[in-house]
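If you want the building blocks of each chain, they are given just below.
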Amino acid sequence: MVTTLRQISCLLIFALLLTACRQQSLSSSDISLDVSVNGLLVGQSQIIVSVHDKNGNSIDKPGAIELRGDMDHAGMAPVFAESSEAINGVFTLPFEWTMAGIWILEANLTLDSGERVTESFRYEVLSQAGDHEISNMDHSGGDHQATEGAGHSNANGESSAVYMQIDNSGASAVAIAAANTAAAHQVEFHRSVIVDDIARMEAVETLVIPAGERIELRPGGLHIMLRQLKTDLKPGASIGLHLELATGEMIQLTIPILNMLMDEDPGATAAGDLVFSKLWARPANASATGERADKAAKPGTKE
Ligand SMILES: [Cu+2]
């Protein structure tokens, strides 16, 4: 009899404890993870994971986070990072992108209740300019661009993008085959595409303006990428840009450096059937300002 009573009271206490726990802990279905990456260049970056409830409120002590980064092709060891220290529901984790390419980042949050919340994200990581220390992996197979090509990210300086609108009033399509500028070592045509909600870049061979049509180069779409800048692009200044048509014809444009395209059009330039307008390039520094790998903290990498 005494035993039974004790058992019952134990059960009661246990039930009370459970209830108390339930009130404090969250269910995984109430939780969402926001991941942002500070740096998409090969080497050290910072990954910020913020944990919200379904109302968008940050969760003070969400538990422990574990990151796993895998490349979308075989042969690379995954990269891990973990932390159980969140400030106002935000984890900041050092993370090393070990190679340029497409990465799938999985964020695993383990709640105090033991429940897990998993979300995965896709990123394109670009190679870093002249970074021989980081690019110490095997680059056989002509992958020397990994050390020569500048990164895409504006946060690290070194690259910028030119935007414009091009109208073709002619009866035939015009193709722009190449571009160059004294301000950068490398100029490429890119297109931003959204893959699984993540913007990434694709190289475009030629810019084609169909007969009687307009193409728009704009942030988040087609753009002319300036890589490995030779000079700082300061707002208010301008750079020269040469476009080479598929016919061999050269067109010289002046591109103002602007923080964003203002309402007033900086001016149009006509060349043959083409009219170039709304020309601008975003500001950037020629020298990298991003944190270098040797200065940043090492992430918790495992085999
Ligand atoms: Cu680009």
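Note that the structure is predicted; figures quoted are calculated from it, not measured. (Residues numbered from 1 in each chain as written. Predicted model: local features only at pLDDT ≥ 70, side-chain atom pairs only at ≥ 80, totals over all residues.)

Bringing the overall build of the protein chain into the picture now. Along the backbone of the protein chain there are two helices and 18 strands. When the 303 residues of the protein chain are sorted by exposure, 28% land in the buried category. Counted over contacts in the protein chain with a minimum sequence separation of 6, partners at least 24 positions apart contribute 68%. (Helix = DSSP H or I, 4+ residues; strand = E, 2+ residues; numbered from the N terminus. Buried ≥ 20, exposed ≤ 12 C-beta atoms within 10 Å, placed from the backbone. Contact = placed C-beta atoms within 7 Å.)

Another aspect to go through is the pairing of strand E3 (residues 64-71). With eight bridges joining them, E3 and strand E6 (residues 101-110) adopt antiparallel strand pairing. Residue pairing across strands places Glu-66 opposite Asn-108, the latter belonging to E6. (Pairing = 2+ DSSP bridges.)

Another point: the sheet that holds strand E7 (residues 116-125). Taking strand neighbours across the sheet as the criterion, the four strands line up as E4-E3-E6-E7 in an open arrangement whose pairing is antiparallel. Each end of this open sheet is capped by a strand with a single partner; those strands are strand E4 (79-83) and E7. Taken pair by pair, the neighbouring strands of this sheet meet at an average axis angle of 15°, ignoring direction. Here E3 pairs with E4 via five bridges, running antiparallel. Among the inter-strand pairings, Glu-66 is bridged to a residue of E4, identified as Glu-82. (Axes fitted to C-alpha atoms, helices over the stretch in contact; angles between N-to-C directions.)

With that settled, consider the nonpolar core. Most often, soluble globular proteins keep nonpolar side chains buried together rather than apart. Ranked by internal contacts, the top residues of the largest apolar core, which has 27 residues, are Leu-67, Leu-109 and Val-125. Counting only elements with at least two residues in this core, the list comes to strand E2 (43-53), E3, E4, strand E5 (90-97), E6 and E7. In this structure Leu-67 touches Ile-47, Phe-80, Ala-81, Glu-82, Leu-93, Phe-95, Leu-105 and Ala-107, once residues within four positions along its chain are discounted. Counting 26 residues, the second largest nonpolar core, distinct from the first, contains Met-164, Ala-183, Leu-217 and Leu-243. (Core = buried A, V, L, I, M, F, W, Y, C linked by C-beta atoms within 7 Å.)

Think of a sheet as strands paired side by side through backbone hydrogen bonds, with each pair either parallel or antiparallel. The strand order E1-E2-E5 describes an open sheet built from three strands, whose pairing is antiparallel. Of all the strands in the sheet, just strand E1 (31-38) and E5 have a single pairing partner and so form its edges. The sheet shows a mean angle of 25° between the axes of neighbouring strands, direction not considered. Bridging between E1 and E2 involves eight bridges; their strand directions are antiparallel. Paired with Ile-31 across the two strands is Asp-53, which belongs to E2.

Topologically, Arg-218 is positioned in the loop between strand E13 (214-217) and strand E14 (222-229). Accessibility expressed as a C-beta count within 10 Å gives 16 for Arg-218, which makes it partly exposed. Taking the C-alpha atoms as reference points, Arg-218 and Arg-191, 27 residues apart in sequence, are found 9.5 Å from one another.

A separate point is unusual backbone geometry. Of note, Gln-228 is a non-glycine position whose phi angle comes to about 50°, a positive value. On the secondary structure map, Gln-228 appears in strand E14. With 18 C-beta atoms counted inside 10 Å, the residue Gln-228 sits in the partly exposed group. Its identity is not glycine, yet Lys-278 carries a phi of approximately 50°, on the positive side. Residue placement: Lys-278 occurs in strand E18 (residues 274-281). Looking at Lys-278, the number of C-beta atoms within 10 Å reads 16, which means it is partly exposed.

Summarising burial for E14: six of the eight residues are buried, a large majority. As judged from the seven bridges shared by strand E10 (residues 184-195) and E14, these two strands associate in the antiparallel manner. Bridge pairing in E14 links Glu-188 to Met-225.

Averaged over all residues, the pLDDT of the protein chain equals 76, while 73% of them reach at least 70. Mean pLDDT values for the elements of the protein chain range from 28 in helix H2 (residues 145-148) up to 97 in strand E12 (residues 207-209). Counted against residues more than four places away or in other chains, residues 130-157, with its pLDDT under 50, gives 61 contacts. (pLDDT = per-residue confidence, 0-100.)

Moving on, we get to the environment of Ile-87. Tracing the sequence through the fold places Ile-87 in the loop between E4 and E5. Residue Ile-87 is classed as exposed on the basis of its 9 C-beta neighbours within 10 Å. Separated by 28 residues in sequence, Ile-87 and Ile-59 have C-alpha atoms that sit 9.2 Å apart.

You can see Val-79 is positioned in strand E4. Linking Val-79 and Thr-98, residues 19 residues apart in sequence, is a C-alpha distance of 8.0 Å.

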